[in-house]
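Listed here are the chains, written in short residue letters.
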Amino acid sequence: MPAVASVTEGKAGGRLRRPALRDIIGGKRLGFWFIVALLLLWELSARSGLVVSANWPPVSLTAVAVVHGLAGGDLLAALSGTLYRVAAGYVVGSASAVILGLLLSTSALARRTLEPTIELLRPLPIPALIPPLVLFLGLDDPMKITVVAFTVFFPVFVNTLQGAMSIESTFRAVAATFGTPWFATMRGVLLPATVPYIFAGLRVSIGLAFVSAVAAEMVAGASGVGYYITSMQYAGRGADMFAAMFLLGLSGYAVNAGFVAIERRLLFWYHSAK
Amino acid sequence: MPILRKFVDLLPGVAFIAAVILILQQCVEAGVINRALFPPPSVIASTLWELIAGGEVMGPLGATITLFAAGYVLAAIVGILLGLAMGTNQRVNDLLDPLIESIRPLPKAALIPVLMLFLGLGTTMKVTAIVLASFFPIVINTIQGVRGVDPVLVATGRTFGLSRLAITFKIILPASIPYLLAGMRVALGLALLMTILSEMLAGTGGLGFLVLENQRAFHIRQMYAWLVILAVVGVAINAAMVAAERRFVPWLDKYRVN
Amino acid sequence: MIQSAAATIRAGKTSDALLSLEGVSKHYGMRGGETVALASIDLEIRRGEFMTIIGPSGCGKSTLLQIAAGLVLPSAGTVRLDGHIVTGPPPGMVYLFQQYTKSLFPWRNVRANVAFALERKESNRGRRNEAAQSFLAMVGLEDFADHYPWQLSGGMQQRVAIARALAASPTVLLMDEPFSSVDALTRMELQALVLEVWRKRDDLTIVFVTHDVEEAVYLSDRIAVLSRRPSTIERIIDTGLPRPRHPIETRDNPIFLRHRHELLGTLLGRADAHP
Ligand SMILES: Nc1ncnc2c1ncn2[C@@H]1O[C@H](COP(=O)(O)OP(=O)(O)O)[C@@H](O)[C@H]1O
Ligand SMILES: [Mg+2]
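Parameters at a glance
Residues numbered from 1 in each chain as written. Chains lettered and ligands numbered in written order. Predicted model: local features only at pLDDT ≥ 70, side-chain atom pairs only at ≥ 80, totals over all residues. Heavy atoms only, no water. Contact = heavy atoms within 4.5 Å. Buried area = accessible area lost by both parts, 1.4 Å probe. Salt bridge = Lys/Arg side-chain N within 4 Å of Asp/Glu carboxyl O. Polar contact = N/O pair within 3.5 Å; in protein donor to acceptor, adjacent residues only side chain to side chain. Helix = DSSP H or I, 4+ residues; strand = E, 2+ residues; numbered from the N terminus. Buried < 20%, exposed > 50% of the residue type's maximum accessible area, 1.4 Å probe, protein only. Axes fitted to C-alpha atoms, helices over the stretch in contact; angles between N-to-C directions. Parallel < 35°, antiparallel > 145°, perpendicular 65-115°, else oblique. Left-handed = near helix turned anticlockwise from the far one by under 90°. Nonpolar A, V, L, I, M, F, W, Y, C, P; charged D, E, K, R; others polar. Donors = N, O, S within 2.8 Å, 3.2 Å for Na, K, Ca; no water. Phe/Tyr/Trp six-rings, centres within 6.5 Å; stacked < 30°, edge-to-face > 60°. Pairing = 2+ DSSP bridges. Domains from an automatic or database assignment. Expected span 1.5 Å × (residues − 1). Core = buried A, V, L, I, M, F, W, Y, C linked by side-chain atoms within 4.5 Å. 1 Å grid on protein atoms, 1.4 Å probe; cavity = no way out; pocket = protein on both sides within 12 Å on 5 of 7 lines; lining within 4 Å. Points joined across faces, edges and corners; volume = space filled by probe spheres on them. Patch = residues over 30% accessible without salt bridge, like charges linked within 9 Å, V, L, I, M, F, W, Y side chains within 5 Å. Areas by Shrake-Rupley, 256 points an atom, 1.4 Å probe, with all protein chains shown as cover.

A.B. asks: For this particular structure, what's the right way to read the interface of chain B and chain C?
C.D. replies: By a widespread convention, an interface's size corresponds to the accessible area lost as its parts come together. With 20 residues of chain B at the interface, the matching set in chain C holds 23 residues. For the pair chain B and chain C, the summed buried surface comes to about 2,000 Å²; carbon and sulfur atoms form 69% of the total. For the interface between chain B and chain C, the tally reads two salt bridges. Residue C:Lys102 is joined to B:Asp150 by a salt bridge in which the shortest nitrogen-to-oxygen separation is 3.5 Å. Between chain B and chain C we count four residue pairs in polar contact (both at pLDDT 80 or more) in total. Only α7 (151-159), α8 (164-175) and α12 (252-257) of chain B provide two or more residues apiece to the side of chain B that touches chain C.

A.B. asks: What should I look at first to understand the environment of B:Gly62 in this one?
C.D. replies: Residue and element names in this part refer to chain B. Of note, Gly62 is situated in helix α3 (residues 58-88). Residue Gly62 is classed as partly exposed on the basis of its relative accessible area, which comes to 31%. Expressed as a C-alpha distance, the spacing of Gly62 and Gly206, which sit 144 residues apart in the sequence, is 8.3 Å.

A.B. asks: What is the right way to read the packing of helix α10 (residues 224-235) of chain A against helix α11 (residues 238-266) of chain A from this model?
C.D. replies: When two helices pack together, you describe them by how their axes are tilted relative to each other and by the distance separating the axes. Residue and element names in this part refer to chain A. Contact geometry of α10 with α11 gives a least axis separation of 8 Å together with a crossing angle of 160 degrees. In terms of orientation, α10 and α11 fall into the roughly antiparallel class. Relative to α11, the crossing made by α10 is left-handed. From α10, Val225, Tyr228, Ile229, Met232 and Gln233 reach across to α11, where they touch Asp240, Met241, Ala244, Met245 and Leu248. The residue makeup of the contact of α10 with α11, split by class, is eight nonpolar, one polar and one charged.

A.B. asks: Just checking my understanding: could you explain the coordination of the magnesium ion (ligand 2) for this structure?
C.D. replies: Note on metal sites: the ideal angle is 109.5 degrees for four tetrahedral donors, and 90 or 180 degrees for six octahedral donors. For the magnesium ion (ligand 2), the full set of protein donor atoms is C:Ser62 (OG) and C:Gln98 (OE1), at a range of 2.0 to 2.6 Å. Here C:Ser62 is found in helix α2 (residues 61-68), whereas its partner C:Gln98 is found in the loop between β6 (93-96) and α3 (100-103), with 36 residues between them in sequence.

A.B. asks: Where do I start with the packing of aromatic side chains in this structure?
C.D. replies: The geometry of an aromatic ring pair is captured by two quantities: the separation of the ring centres and the angle between the planes. Overall, the coordinates contain 21 aromatic pairs over all chains when judged by the stated rule. Measuring from centroid to centroid gives 5.4 Å for A:Phe153 and A:Phe157, while their planes differ by 10 degrees, and the two rings are stacked. Separated by four residues within a single helix, A:Phe153 and A:Phe157 lie in helix α8 (residues 141-177), roughly one turn from each other. Comparing A:Phe153 with A:Phe157 shows no difference in burial state: the two are buried. Each ring, one from C:Phe105 and one from C:Phe116, has its centre 4.8 Å from the other, and the planes form 70 degrees; the classification is edge-to-face. Pair noted here: C:Phe105 is in the loop between α3 and α4 (110-115) and C:Phe116 is in the loop between α4 and α5 (125-138), with a separation of eleven residues, a long-range link. In this pair, the class of C:Phe105 matches that of C:Phe116, namely buried.

A.B. asks: When you look at the sheet that holds strand β2 (residues 35-46) of chain C in this model, what are you seeing that I'm missing?
C.D. replies: Pairing between sheet strands relies on hydrogen bonds along the backbone, with the strands arranged either parallel or antiparallel. Residue and element names in this part refer to chain C. Taken in spatial order, the four strands of this open sheet run β2-β1-β4-β5, and their pairing is antiparallel. Strands with a single pairing partner mark the edges of an open sheet, and in this sheet they are β2 and β5 (84-85). Bridge analysis of strand β4 (residues 76-81) against β5 gives two bridges, and the strand direction is antiparallel. Residue pairing across strands places Leu81 opposite His84, the latter belonging to β5. Sheet contacts for α2: β1 (17-28), β2 and β4; angle to β1, the most-contacted strand, approximately 125 degrees.

A.B. asks: Would you mind going over the sheet that holds strand β10 (residues 233-238) of chain C with me for this structure?
C.D. replies: Residue and element names in this part refer to chain C. Spatially, the six strands line up as an open sheet ordered β6-β7-β8-β3-β9-β10, and their pairing is mixed. Of all the strands in the sheet, just β6 and β10 have a single pairing partner and so form its edges. Strand-to-strand twist of the sheet, defined as the mean angle between neighbouring strand axes without regard to direction, takes the value 15 degrees. Summarising the sheet, β6 and strand β7 (residues 172-176) pair through four bridges and their orientation is parallel.

A.B. asks: When you look at the domain arrangement of chain A in this model, what are you seeing that I'm missing?
C.D. replies: Residue and element names in this part refer to chain A. According to the domain assignment, chain A contains domain 1 (18-52) and domain 2 (59-272). Facing the four residues of domain 1 at the interface are four residues of domain 2. When the buried area of domain 1 at its contact with domain 2 is split by residue, Trp42, Glu43 and Arg47 rank highest and sum to 87% of it. Our count for the contact surface shared by domain 1 and domain 2 stands at three residue pairs in polar contact (both at pLDDT 80 or more).

A.B. asks: Would you take a moment to explain helix α10 (residues 254-268) of chain C for this structure?
C.D. replies: Each α-helix winds once per 3.6 residues, and so residues spaced three or four apart point in a common direction. An ideal rise of 1.5 Å per residue puts 21 Å on 15 residues; α10(C) measures up with 21 Å between its terminal C-alpha atoms. Just downstream of α10(C) lies C:Gly269, where phi reads positive at about 75 degrees.

A.B. asks: Quick question: what am I supposed to make of the nonpolar core here?
C.D. replies: The tendency in soluble globular proteins is for nonpolar side chains to be buried side by side. Within the largest apolar cluster, 195 residues are counted, with the highest numbers of intra-cluster contacts made by C:Ile162 and C:Ile206. For this core, the element with the most residues is helix α9 (residues 182-219) of chain A, which contributes 15 residues. In terms of nonpolar packing, the next biggest core, distinct from the first, is built from 34 residues, B:Ala155, C:Val79, C:Val86 and C:Val209 among them.

A.B. asks: How should I be thinking about empty space enclosed by the protein in this particular structure?
C.D. replies: With a probe scaled to a water molecule rolled over the atoms, the places where space remains empty come into view. Enumeration according to the criterion identifies three cavities of 30 Å³ or more in this entry. There is about 50 Å³ of room inside the largest cavity. Looking at the largest cavity, the residues that line it are B:Thr156, B:Phe160, C:Val94, C:Tyr95, C:Leu96, C:Phe97, C:Ser103, C:Ala161 and C:Arg164. In terms of residue count, the dominant contributor to the lining of the largest cavity is β6(C) (three residues). Class assignment of the residues belonging to the lining of the largest cavity gives a composition of six nonpolar, two polar and one charged. For the second largest cavity, the calculated volume is near 40 Å³.

A.B. asks: How do you make sense of a nonpolar patch on the surface when you look at a structure like this?
C.D. replies: Residue and element names in this part refer to chain B. Together, Val73, Ile77, Leu81, Leu165 and Phe169 give the surface a local cluster of nonpolar side chains, amounting to about 470 Å² of exposed area. Going through the elements one at a time, α3 and α8 are the ones with two or more residues in the nonpolar patch. The element contributing the most residues to the nonpolar patch is α3, with three residues. For Val73, the location among the structural elements is in helix α3. Its relative accessible area of 45% is what places Val73 among the partly exposed residues.

A.B. asks: Please clarify how the side chain of C:Arg159 should be interpreted in this entry.
C.D. replies: All names here are of chain C. Relative to the helices and strands, Arg159 is located in helix α6 (residues 154-167). Note on Arg159: relative accessible area 15%, which makes it buried. For Arg159, the residues in contact, after removing those within four places along its chain, are Val139, Leu141, Glu189, Leu190 and Leu193.

A.B. asks: Please explain the interface of chain B and chain A as it appears in this structure.
C.D. replies: Across the boundary between the two partners, chain B contributes 56 residues, which contact 52 residues of chain A. Summed over both sides, the interface between chain B and chain A buries roughly 4,700 Å², with carbon and sulfur atoms accounting for 79% of that surface. Per-residue buried area on chain B facing chain A is highest for B:Pro107, B:Leu117 and B:Leu193; these three make up 12% of the total on that side. Counting the contacts that link chain B with chain A gives one salt bridge. For the salt bridge of A:Arg112 with B:Asp9, the shortest nitrogen-to-oxygen distance reads 3.6 Å. Across the chain B-chain A interface, the total number found is three residue pairs in polar contact (both at pLDDT 80 or more).

Set out below in C-alpha cells:
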C-alpha cells in the first residue's frame with residue numbers, strides 16, 4: 001500500500017545534524033553510551049564517597065566478584081544448582097502440560113470436568129505454593145522442582161489446548177478421511193500442528209521458571225542463587241550479591257537466546273508460511 | 001434455556017471439585033494422608049470461617065490487595081507512558097531500549113533483596129519490587145502496539161488538525177490497546193507473584209507473610225485457611241480484569257476478529 | 001431571484017484560485033532506486049468548484065492529493081491555500097482516505113467517530129453529540145449512531161467517513177477514490193449524496209480523485225487528466241454539463257457522452273479519439 005506508506009513519511013524536511021557527533025552517539029549507540037554512563041555514575045558515586053555503604057560497592061569490585069565467584073566455585077555451584085532445578089521443573093511441567101492439553105482437546109466432557117479446577121488453580125500466586133509443598137516435600141530439590149513445574153504447567157497447558165482446539169476440525173477431518181488410527185492421529189497430526197502454540201507457551205514459561213526457582217530458593221532451603229543473593233544481602237557483601245544477580249541475568253539471557261534459536265530451526269516452516 | 005444450558009455445562013466441573021474435596025476428607029480420616037500435614041477439608045473450612053467471622057481476615061486482606069493494586073496501577077501508568085514515548089520517538093527508544101533489554105532477562109524476584117537493602121522492609125520496597133517486575137511486559141507490548149498502529153489512523157488525526165500529543169493519546173493509545181492489554185495480562189500474574197513474595201521476604205504482614213509464618217510456626221490449619229483466602233484473591237483479581245476489559249473495551253474481540 | 005456570490009462563482013464567472021500547486025514534484029526512495037511519482041504539476045483549483053483528478057492506477061493521484069492536504073511534503077514546488085503556503089495539514093481542509101475502513105476508529109461508535117471532528121471546536125460533549133447526530137442524518141445514518149464502524153457495510157462506513165469530514169466544516173474536501181470499493185448501486189447513491197452536500201454548502205470546494213471516467217464526468221465542473229508516471233497534467237477539461245445532475249439523464253446527455261469518449265481515448269492513449 002504505497003499510498004498509505006507515503007502518509008507517514010511526512011516530516012521529510014531535512015533537519016540538519018552535525019555528522020561527527022551523530023556518528024559517535026547516534027542511533028542504537030546512544031543507548032549503549034547511556035548504560036556506560038550509568039555504570040560510570042555507579043562507580044564514581046561509590047568511589048567518591050557520595051554513597052558510603054557496603055551495599056553499594058563500585059562496579060569494578062562487582063566485576064572482580066564475578067570472576068572470583070566463577071573461579072572460586074561457591075557462586076558457580078549455586079548457579080548450576082538453580083539451573084538444574086529450572087531445567088528439571090521446566091521439563092516435568094511442560095511435558096505434563098502438553099500431554100494433558102492434547103488429551104483434553106479430544107474430549108469435551110473431560111474439558112468441562114477439569115477446566116474449572118485448572119482455572120481456579122491458575123491464578124494462585126506461585127510463592128503461596130511454597131509453604132504447603134515444604135510440608136510434604138521438604139526444603140530441597142523435590143519441593144523446588146515441583147514449584148517450577150507447577151509454574152510452567154499453566155501457560156504451556158493453556159496454549160497447547162488452544163492450539164489443539166483451533167486446528168481440530170480441519171486436520172482431524174483430514175486424518176479421519178484417511179482412516180488414521182487414534183494414536184497415530186495424536187502423534188502424527190495433532191502434535192505437529194499444535195507445536196507452534198506449544199512453543200508460544202514454552203517461551204513465556206522460561207522467564208517464569210527462573211522467577212519461581214529463585215523465589216523458592218529465597219523462601220526456603222539453603223541452596224541456589226536465590227539463597228546466595230539473600231545470604232550475601234544479610235552478610236553485607238554487596239559486591240557478591242550484585243555479581244550473583246549479574247550472572248543470573250546472564251543465564252536468563254543465554255537460555256532465552258538458545259530457546260529462540262531452537263525455535264527458529266524447528267519452526268521455520270511455520271514462520272515462513274505466515 | 002440458556003441458564004439451564006450453562007448449568008449443565010458447569011455441572012461436571014463442579015462435581016469434580018466436590019468429589020476431590022470429599023475424597024481428600026475420606027483419605028485424611030482414614031489416615032492415608034498425614035493429618036499433621038493436611039487437616040481434613042472440613043477443619044480447614046471451619047478455621048476459615050473463624051477467620052472471616054472474627055473479622056481477622058480484613059486487615060491482611062486489605063493490606064495485600066492495596067499493595068497489589070498500588071504496584072500494578074503504577075506499573076501500568078509508567079509502562080504505558082514509557083511505551084508510548086519509546087514507540088513514537090526514535091530518540092527515546094534508542095536511549096532506553098538497550099537498558100531495558102539488558103535488565104529484562106534478570107528474574108525479577110532477585111531484585112527484592114537489593115531493594116530491601118536500600119528501601120527497607122516497608123511499603124516503598126514492596127511497591128517498587130512489584131512495579132519493577134510488572135512494567136516490563138507492559139512497556140514491551142505497548143511499544144509493539146504503537147509500532148503496529150495503522151498509518152492511516154495517524155494521518156487521519158493529522159488531517160483533522162490534531163497536535164502530536166493529541167494524536168498520541170487520542171489515536172495511538174486506543175489503537176494499541178489490544179497489545180497493551182496482552183502485556184497487562186502477563187503483568188497481572190507477575191505483580192501478584194511479587195506482592196506475595198515481597199510480603200514473605202519482608203516478613204512484616206500481609207497474606208503472603210501469614211501463609212509462610214503459619215507454616216513455620218506449624219499452625220497448619222491456619223496456613224491452609226490463609227492459602228484458601230489467597231487463592232480466592234487470585235481468582236477474584238483475574239475475574240476483575242476480565243470484567244474490566246468487557247466493560248471498558250467492548251469493541252476488543254470484534255476488532256481482533258476483523 | 002438573487003444569486004449568491006458562490007453561485008456566481010459556480011456559474012464560472014470568477015476564476016479565483018483557492019488552492020494552487022506550483023511546480024510540485026515528488027520522488028520516493030533513496031538515491032539509486034528512485035521512483036518519480038510526480039514530475040511537475042501546476043494546477044489551480046477555484047473556490048467552490050468540483051474538481052476531479054483522473055489518471056491511470058499508480059500514476060500518483062493519491063500522492064498529489066496528500067501533498068495538497070499537507071500530509072506529505074513535495075520534493076519541490078509549493079502548495080498554496082488561499083495564498084498561504086501549505087507545510088502541514090491546514091485547518092479547513094480535510095483529506096478523505098481511499099482506505100476509509102481503516103480511517104474510522106474501531107474503538108469509537110459511529111456517533112463518537114463523527115464527534116471526533118468536533119472535539120477541537122466544541123468542548124461540550126452533549127452539544128458535540130447532537131451536532132454529530134445531525135451530520136449522521138445528512139448521510140442517512142441517524143439510526144446507526146450507536147453501532148461500531150465494523151458492524152456496518154462498506155458503503156455505510158464510507159458514509160460515516162463523509163459525515164465525519166463534513167463535521168469538520170472544511171472549505172476544501174479532498175476525496176481519494178472514495179467509491180472505488182463499493183458496489184455499483186451504492187456508488188451511485190454515494191455520488192448523489194456528495195453532490196447534494198456540495199450543492200447545499202455554497203463555499204465548499206471538492207477535489208475528487210478517481211480512475212473512473214464516467215464518475216469524473218458525472219460529478220465535476222472541471223477534470224484534470226494525469227499522464228502516466230512520471231506524471232504531469234496532460235489536459236484540463238471544462239465539462240460544461242448542466243446542474244443539477246441526474247443519475248440517468250445526465251449520463252445520456254450528448255455532452256456527457258462526448259467527454260466520456262474523449263477521456264477514454266486520452267487515457268487509453270489513442271490519438272484519433274481527440275476532436
Ligand atoms: N511512500 C511511498 N514510498 C515509495 N513509493 C511510493 C510511496 N507512495 C507511493 N509510491 C509510488 O508512487 C507512485 C504513485 O502512487 P500513488 O500516488 O498511490 O498512485 P495512485 O493513487 O494514482 O494509484 C506509485 O508508483 C507508488 O508505488
Ligand atoms: Mg491512490
